[in-house]
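Fold and contact review
This is what each chain is made of:
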Protein chains: 2
Amino acid sequence: MSGLPLPLRKLTEHFASLPGIGKKTAQRLAFYLLDMPEEQAKSFADSILEAKKAIHNCKVCQNFTDKEICDICASPDRTDKIICVVEDPKDVQAFERLQEYKGQYHVLHGLISPLDGVGPEHIKIKELLQRLQTTEVDEVIMATNPTIEGEATAMYISRLLKPLQIRVSRLAFGIPVGGELEYADNVTLNKALENRMTM
Amino acid sequence: MSGLPLPLRKLTEHFASLPGIGKKTAQRLAFYLLDMPEEQAKSFADSILEAKKAIHNCKVCQNFTDKEICDICASPDRTDKIICVVEDPKDVQAFERLQEYKGQYHVLHGLISPLDGVGPEHIKIKELLQRLQTTEVDEVIMATNPTIEGEATAMYISRLLKPLQIRVSRLAFGIPVGGELEYADNVTLNKALENRMTM
């Protein structure tokens, strides 16, 4: 990247800071952006600022939303009796693609990971407990990824919920262990949802 | 992407409009950006606007620069006697990585491609001719990609330059035909530069 004018180098570095974007791709994207019509590039920049400003966590489920309560929580067509607990907003998208699940979600925004310094207090577990105290819920589905952190977080929450006498279930094995929920195909994800087991 | 709040959907669409970024990657990047510290996201957006505003074509070689005349054209350590003609600014970067070539460049910003409606008047050929009339040049190296359009553009320019009695050379074969100059490894690119032939 040496020899590039500074503003171009900065733009390239910003692209390279994104996950999965290497130096060469970052440069490609930066050059592409320079070739874009002025309007389109401005609109790109605005969309970043706008998204950062408008998007926050839903008061109820902690998913990303631009409203106070997100569309899923506010939907009259869904049952509040089942809450599916996921690691992050991408996982909600994965379930919504199924068009099968009609319960609610709770987004943890992370997993318990002592090695990375992430304890239970750093993710949205407190908010889940508060929610369960004010709403009547029949079942909590632990839908964290089948990784060490995902399993540990599921176990931790399931123990916390024991006294509340709520059924806590876990997605069925079927998702390849060590894999990422986000990339599961619909059939596998559906199967895992169907065969969920009481923890 | 259905179900995503509008500002998030817009951001995702902007990412997806970039080359080589699919829908799923675009969504990943958008979510990543939302998780960034406010400052960093703002700086990303600013870098787009800043690059668009500050970067334009060098008056001499048409490469991207934030000055009137780019650093390469202004360098006292380089000879003005040789001009290497490339398709776009990425190709200049490829040559500069060699740290071998000490001549100047001329960036065409495209290739002649009648099927895409790109004629000689749409790329920076006129600027090359003007340049050759005001500067004394010994050799013009045609370093367009070895594709149909790249070859055609090289042929076209070489014929235009015939009356000027300037040596016109072409990068040696060595770069895999149909490949992209940008991705050539240094050895291949060096070989191609060394074995350039008079057209």
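Labelled according to an unreviewed UniProt entry, chain A appears under the name Recombination protein RecR, originating from Fumia xinanensis. Regarding chain A, the relevant UniProt record gives this comment under Function (unreviewed entry): "May play a role in DNA repair. It seems to be involved in an RecBC-independent recombinational process of DNA repair. It may act with RecF and RecO." In its Sequence similarities (unreviewed entry) section, the UniProt record describing chain A reads: "Belongs to the RecR family."

**Looking at the interface of chain A and chain B**
Contacts between chain A and chain B engage 49 residues on the former and 49 residues on the latter. Summed over both sides, the interface between chain A and chain B buries roughly 4,900 Å², with carbon and sulfur atoms accounting for 69% of that surface. When residues of chain A are sorted by the area they lose upon contact with chain B, His14, Arg28 and Lys52 of chain A head the list and together hold 14% of the total. In this assembly, chain A and chain B are joined by six residue pairs in polar contact (both at pLDDT 80 or more). Elements with a contribution of two residues or more to the side of chain A that touches chain B: α1 (6-16), α2 (23-35), α3 (38-54), β2 (64-65) and α5 (89-98) of chain A. In terms of residues, the side of chain A that touches chain B owes the most to one element, α3 of chain A, which gives 14 residues. Partitioning the side of chain A that touches chain B into residue classes produces 29 nonpolar, nine polar and 11 charged.

**Here we look at the UniProt feature "zinc finger region: C4-type" (unreviewed entry) in chain A**
As recorded in UniProt, the feature "zinc finger region: C4-type" (unreviewed entry) lies at residues 58-73 of chain A. For residues 58-73 of chain A, the end-to-end C-alpha separation is 8 Å, with 19% helix and 12% strand making up the annotated structure.

**Topic: the pairing of strand β3 (residues 82-86) of chain A**
Residue and element names in this part refer to chain A. Buried residues dominate β3, accounting for five of its five residues. Residues Ile82, Cys84 and Val86 of β3 are buried on one face, and the alternating residues Ile83 and Val85, pointing to the opposite face, are buried as well. Across four bridges, the pairing between β3 and strand β5 (residues 139-142) is parallel. Considered in β5, the bridge of Cys84 is made with Ile141. In this sheet, strand β4 (residues 104-107) lies alongside β3 in parallel orientation, the contact comprising four bridges. Bridge assignment links Cys84 to a residue of β4, and that residue is Tyr105. For the handedness criterion, the β-α-β arrangement of β3, α5 and β4 is classed as right-handed.

**Quick look at helix α1 (residues 6-16) of chain B**
Buried within α1 of chain B are the following residues: Pro7, Leu8, Leu11, Thr12, His14 and Phe15 of chain B. Looking straight down α1 of chain B, one finds that the buried residues subtend no more than 160° of arc, so they occupy a single side. Next to the buried residues of α1 of chain B lie α1, α3 and β2 of chain A together with α2 (23-35) and α3 (38-54) of chain B.

**Re the domain arrangement of chain A**
The extent of an interface is frequently quoted as the accessible surface area lost upon association of the parts. What the domain assignment lists for chain A is domain 1 (6-54) and domain 2 (57-193). Its C-alpha centre places domain 1 of chain A at a distance of 32 Å from the equivalent point of domain 2 of chain A.

**Brief notes about the pattern of salt bridges**
If the charged atoms of two oppositely charged side chains come close together, the side chains can form a pair. Residues and elements named next belong to chain A. Counted under the stated rule, the structure contains 16 salt bridges over all chains. Between Lys67 and Asp71 there is a salt bridge whose closest N-O contact spans 2.8 Å. Since its relative accessible area comes to 40%, Lys67 is described here as partly exposed.

**Concerning the confidence of the model for chain A**
For residues with low pLDDT, the predicted coordinates do not support detailed interpretation. Residues and elements named next belong to chain A. Of all residues in chain A, 91% have pLDDT values of 70 or greater, and the mean over the chain is 88. Model confidence for chain A, summarised as mean pLDDT per element, is weakest for strand β7 (residues 197-198) at 62 and strongest for β4 at 96. Note on the complex model: pTM 0.72, ipTM 0.72.

Quick notes on the rules
Residues numbered from 1 in each chain as written. Chains lettered and ligands numbered in written order. Predicted model: local features only at pLDDT ≥ 70, side-chain atom pairs only at ≥ 80, totals over all residues. Heavy atoms only, no water. UniProt positions renumbered as here; feature names shortened; annotations may be inferred. Contact = heavy atoms within 4.5 Å. Buried area = accessible area lost by both parts, 1.4 Å probe. Polar contact = N/O pair within 3.5 Å; in protein donor to acceptor, adjacent residues only side chain to side chain. Helix = DSSP H or I, 4+ residues; strand = E, 2+ residues; numbered from the N terminus. Nonpolar A, V, L, I, M, F, W, Y, C, P; charged D, E, K, R; others polar. Buried < 20%, exposed > 50% of the residue type's maximum accessible area, 1.4 Å probe, protein only. Pairing = 2+ DSSP bridges. Right-handed = clockwise from strand over helix to strand, strands pointing away. Arc of directions from axis to C-beta. Domains from an automatic or database assignment. Salt bridge = Lys/Arg side-chain N within 4 Å of Asp/Glu carboxyl O. pLDDT = per-residue confidence, 0-100.

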